[in-house]
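# Breakdown of the fold
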Amino acid sequence: MSILLKPIDTIYNWARANSLTPLIFAASCCSSEILSLSAYDNNNIICFDNDVTLGNPRNADLLIVAGAITHKNAPVLLRLYEQMPEQKYVIAMGSCACSGGVFRHNSYTVLGGADKIIPVDIYLTGCPPEPRALQKAISKLKDKIMAETISMRTKYLDSHTTDFVLSENQEILNSVNKQREE
Amino acid sequence: METEYSQFNILNKQTTKCGIEKITVDKCCFKKFISHLKNSAEFEANILYSVMACDTSDCIELNYNLFSEKLNRYLIITVLTDRNNPVCDTVTDLYKSAAFDEREIFDMFGVFFEGHKNLTRLLMPNSSVGNPLLKDYNFQKERSVHYETDL
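Numbers given to residues run from 1 along each chain, matching the order in which its sequence is written. All chains are assigned letters beginning at A, and all ligands numbers beginning at 1, according to the order in which they are written. The model is predicted, so local features are restricted to residues of pLDDT at least 70 and side-chain atom pairs to those at 80 or more, both for listing and for counting; the totals for chains, interfaces and linings are taken over all residues.

All right, on to the overall build of chain A then. When helices and strands are counted, chain A shows seven helices and four strands. Of the regular secondary structure in chain A, the N- to C-terminal order runs α-β-α-β-α-β-α-β-α-α-α. For chain A, the residues scored as buried account for 25% of the 182 residues in total. When contacts within chain A are restricted to residue pairs at least 6 apart in sequence, those whose partners lie at least 24 apart make up 81%. In DSSP terms, a helix is any run of H or I states spanning at least four residues, a strand is any run of E spanning at least two, and both are numbered starting from the N terminus. Buried residues are those with 20 or more other C-beta atoms within 10 Å of their own C-beta, exposed residues have 12 or fewer, and partly exposed residues lie in between; C-beta atoms are placed from the backbone. For the purpose of contact definition, each residue receives a C-beta atom placed from its backbone, and two residues are in contact when these atoms lie within 7 Å.

With that settled, consider the overall build of chain B. Tallying secondary structure elements over chain B gives three helices and seven strands in all. Put simply, chain B runs from its N terminus to its C terminus through helices and strands in the order β-β-α-β-β-β-β-α-β-α. Scored against the burial criterion, the 151 residues of chain B give a buried share of 25%. Excluding contacts between residues fewer than 6 apart, the proportion of contacts in chain B whose partners are at least 24 apart in sequence is 42%.

Residue and element names in this part refer to chain A. In this model, C127 is joined to P128 through a cis peptide bond whose omega is -10 degrees. For P128, the location among the structural elements is in the loop between β4 (122–124) and α5 (131–146). We note that N106 has phi near 50 degrees; this positive angle belongs to a residue other than glycine. By secondary structure assignment, the location of N106 is in the loop between α4 (95–99) and β4. Given 10 C-beta atoms within 10 Å, N106 falls into the exposed group.

Once that is clear, we can look at the nonpolar core. Nonpolar side chains tend to gather and get buried jointly when the protein is soluble and globular. Among buried residues, those of type Ala, Val, Leu, Ile, Met, Phe, Trp, Tyr and Cys that are joined through C-beta atoms within 7 Å form a set called a nonpolar core. If you look at the biggest cluster of nonpolar residues, it comprises 31 residues, and the most contacted ones within it are L63(A), V65(A), I69(A), A92(A), M93(A) and A97(A). Only β1 (22–26), β2 (62–66), α3 (74–83), β3 (89–93), α4 and α5 of chain A provide two or more residues apiece to this core. Leaving out residues up to four positions away in the same chain, L63(A) has contacts with L23(A), F25(A), Y81(A), M84(A), K88(A) and V90(A). With 27 residues, the next largest nonpolar core counts A45(B), A53(B), L80(B) and M108(B) among its residues.

All names here are of chain A. Here α5 contains 16 residues, and its C-alpha end-to-end distance of 23 Å stays within 8% of the 22 Å for a straight helix at 1.5 Å per residue. Of the positions making up α5, those classed as buried are L134, A137, I138 and I145. Taken around the axis of α5, the buried residues stretch over an arc of 95 degrees, which confines them to a single face. Exposed residues lying more than 90 degrees from the buried face of α5 are R132 and D143. For a helix, the expected span equals 1.5 Å multiplied by the number of residues minus one. Directions from the helix axis toward the C-beta atoms define the arc.

This brings us to the sheet that holds β1(A). All names here are of chain A. Note on pairing: two strands pair once DSSP finds at least 2 bridges between them. Taken in spatial order, the four strands make up an open sheet running β1-β2-β3-β4, and their pairing is parallel. Only two strands of the sheet have a single partner each, and these edge strands are β1 and β4. Neighbour to neighbour, the strand axes of the sheet diverge by 15 degrees on average, direction disregarded. Pairing geometry for β1 and β2, over five bridges, is parallel. If you follow A26 over to β2, its bridge partner there is A66. Angular values range over 0 to 180 degrees, each being the angle between N-to-C directions of two axes fitted as lines to C-alpha atoms, with helices fitted over their stretch in contact. Contacts from α5 reach β3 and β4 within the one sheet, and its direction differs from that of β4 by about 170 degrees.

It is worth spelling out the packing of helix α1 (residues 2–17) of chain A against α5(A) at this point. Residue and element names in this part refer to chain A. At a closest axis distance of 9 Å, the pairing of α1 and α5 adopts a crossing angle of 160 degrees. For the element pair α1 / α5, the angle class is roughly antiparallel. For the pair α1 and α5, the crossing hand works out as right-handed. Taking contact as the criterion, the partners of N13, R16 and A17 in α1 are, on α5, K142, I145 and M146. Angles below 35 degrees are treated as roughly parallel, those above 145 as roughly antiparallel, those between 65 and 115 as roughly perpendicular, and all remaining angles as oblique. If you view the pair so one helix is near and one far, a crossing is left-handed when the near helix is turned anticlockwise from the far one by less than a right angle, and right-handed when it is turned clockwise.

This part covers the sheet that holds strand β1 (residues 10–15) of chain B. Residues and elements named next belong to chain B. The strand order across the open sheet built from five strands is β1-β2-β5-β4-β3, with neighbouring strands paired in mixed fashion. This sheet does not close on itself; its edge strands, each paired only once, are β1 and β3 (45–55). The mean angle between the axes of side-by-side strands here comes to 20 degrees, regardless of whether they run parallel or antiparallel. In the packing of helix α1 (residues 30–39) onto the sheet, contacts are made with β2 (21–25), β3, β4 (59–68) and β5 (73–82), and the angle to β5 comes to roughly 170 degrees. Its contacts with the sheet put helix α2 (residues 98–109) on β3 and β4, and the angle it makes with β3 is roughly 5 degrees.

We now examine α2(B). Residue and element names in this part refer to chain B. Its twelve residues give α2 an end-to-end C-alpha distance of 16 Å, which sits within 8% of 16 Å, the value for a rise of 1.5 Å per residue. Those residues of α2 not exposed but buried are A98, D101, E102, I105, F106, D107, M108 and F109. Phi turns positive one or two residues past the end of α2, at G110, with a value near 75 degrees.

Our next topic: the environment of P128(A). All names here are of chain A. Its 22 C-beta neighbours within 10 Å are what place P128 among the buried residues. The sequence separation of P128 and C96 amounts to 32 residues, and the corresponding C-alpha distance is 9.2 Å. Aside from chain neighbours lying at most four places away, what touches P128 is C29, C30, E33 and G94.

See below:
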């Protein structure tokens, strides 16, 4: 079976890995490094094609989380991740998106890492990481995509679902309001 | 200056290192005092730069930074509010720039501004509990946040 799937996998993965369409979630200063990347990587050899329209979650396969995620920003990030079509990948760019960075301890606004709400494929440390590091992260992600097979697709889908659900029910909000009144 | 403000209940008066006058006013007549400063021909305070708050474990101190273009002079008005029940009058009807500052102070210190039209949390999510810049804020206990549906 795997012998039959091998050429299909290769073509399928090759097509996906070389046409990554990014969605940039620019939370803070790391996003300026992405701007400098577009000047740096002017031949688009390693990174994504600049002709594609950016900033549309419905067409994107790669979410680059650049910067510190606050509690108020977290539902927006989660909603954007849910809007992206399947086979989606996430790069956490910068120390703040990886673990909370300098804001990790005793912070009332900053969430300790983007991986608390969405699954992250590549962690890219640095404060901020330089454009070359982002290039390397994307090439690592390409290697990861090339290693996937169609037969393991369910395993992939299980690992890429969010544990967090936007609270649809009013009970949680009511309990919070009660605490506030007390 | 002193004869001018004698009708108000002024608690303390000092000058900072940069030469800015800092006047501490009683809470009951502070609104009248600011409107007097705005409307009087002598000190025409037409700009409110910022409203700041400070938790000094006895009370919550509110500082209003005023500026007069006519005299080219700054003035700081200080009001002390009770820490257990912090209530203060709003100045949004005099200065519209105070609206966001007062919302932020309500968020961070829990000071309730009477007469403010939209007094909701500004920086923290609506579902969060506690006021983070107060000295008795418990980070471990009150940090967990529930997210709302209305984005």
